[in-house]
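Spelled out from the first residue to the last, the chains are:
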Amino acid sequence: MIKKDKYIMKTEKEEVKTILVKHNLLKSDIETITDPESKVYSDLYEYFMSSGDIPYGIVKCRTGDPVEWISDKLVELQLV
C-alpha cells in the first residue's frame, strides 16, 4: 500500500480484488466476471471508468470493447 499523509491508498490491484471479493468471485473464471449483465461487471466498469483507466473511446465502444478491455485488465492484474 502507498502511504500518503494519514490516509492509506490502495493499489489498483487491491481495489479490483476488493470488488471481486465483495461478489465472491475472486477465483472465478473470466466469463463469469465479465458478463455484461452481472453486477460485478457493472461494478468493475464503474471503477475503471471513474478512475480514468479505461479509455474514453472504449467506454463509448468506438475504439474497442469494454468487456474485452476489462478482461485483459483482470489478466494483467493477475486476478483471474
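Look above for the structure.
Keep in mind that what you see is a predicted model, and the values were worked out from it rather than measured.

Enquirer: Sorry, what's going on with the packing of aromatic side chains here?
Expert: Aromatic ring pairs: the centre-centre distance and the angle between the two ring planes describe each pair. Per the counting criterion, the structure on display carries three aromatic pairs. On the basis of an interplanar angle of 65° and a centroid distance of 5.2 Å, the ring pair of Tyr47 and Phe48 is categorised as edge-to-face. For the pair shown, Tyr47 and Phe48 are each scored as buried. A ring pair is formed by Phe48 and Trp69, whose centres lie 5.2 Å apart and whose planes are at 80°; its orientation type is edge-to-face. Linking Phe48 in helix H3 (residues 39–51) with Trp69 in helix H5 (residues 66–76), this pair joins segments that are 21 residues apart in sequence. On the basis of relative accessible area, Phe48 is assigned to the buried category, the value being 0%. Taken together, the ring pairs in this structure connect Tyr47, Phe48 and Trp69 into an aromatic cluster.

Enquirer: Looking at this model, I keep getting lost on the nonpolar core. Mind explaining?
Expert: In terms of nonpolar packing, the biggest core is built from 20 residues, with Val16, Leu20, Leu44, Phe48 and Ile70 touching the most fellow members. Of all the secondary structure elements, the ones that give two or more residues to this core are helix H1 (12–22), H3, helix H4 (56–59) and H5.

Enquirer: So what exactly am I meant to see when it comes to the pattern of salt bridges here?
Expert: Opposite charge on two side chains permits them to pair, given that their charged atoms come into close proximity. A full pass over the atoms with the stated rule returns four salt bridges. In this structure, Asp43 and Lys22 form a salt bridge, with 3.3 Å as the shortest nitrogen-oxygen distance. Of this pair, Asp43 sits in helix H3 while Lys22 sits in helix H1, and the two are 21 residues apart along the sequence. One salt bridge connects Asp43 with Lys39, and the closest N-O pair in it is separated by 3.0 Å. Note that Asp43 and Lys39 are positioned in helix H3 at a spacing of four residues, about one turn of the helix. Ionic contacts of the salt-bridge type, sharing partners, join the residues Glu12, Lys73 and Glu76 into one network.

About the thresholds
Residues numbered from 1 in each chain as written. Predicted model: local features only at pLDDT ≥ 70, side-chain atom pairs only at ≥ 80, totals over all residues. Heavy atoms only, no water. Phe/Tyr/Trp six-rings, centres within 6.5 Å; stacked < 30°, edge-to-face > 60°. Buried < 20%, exposed > 50% of the residue type's maximum accessible area, 1.4 Å probe, protein only. Helix = DSSP H or I, 4+ residues; strand = E, 2+ residues; numbered from the N terminus. Core = buried A, V, L, I, M, F, W, Y, C linked by side-chain atoms within 4.5 Å. Salt bridge = Lys/Arg side-chain N within 4 Å of Asp/Glu carboxyl O.

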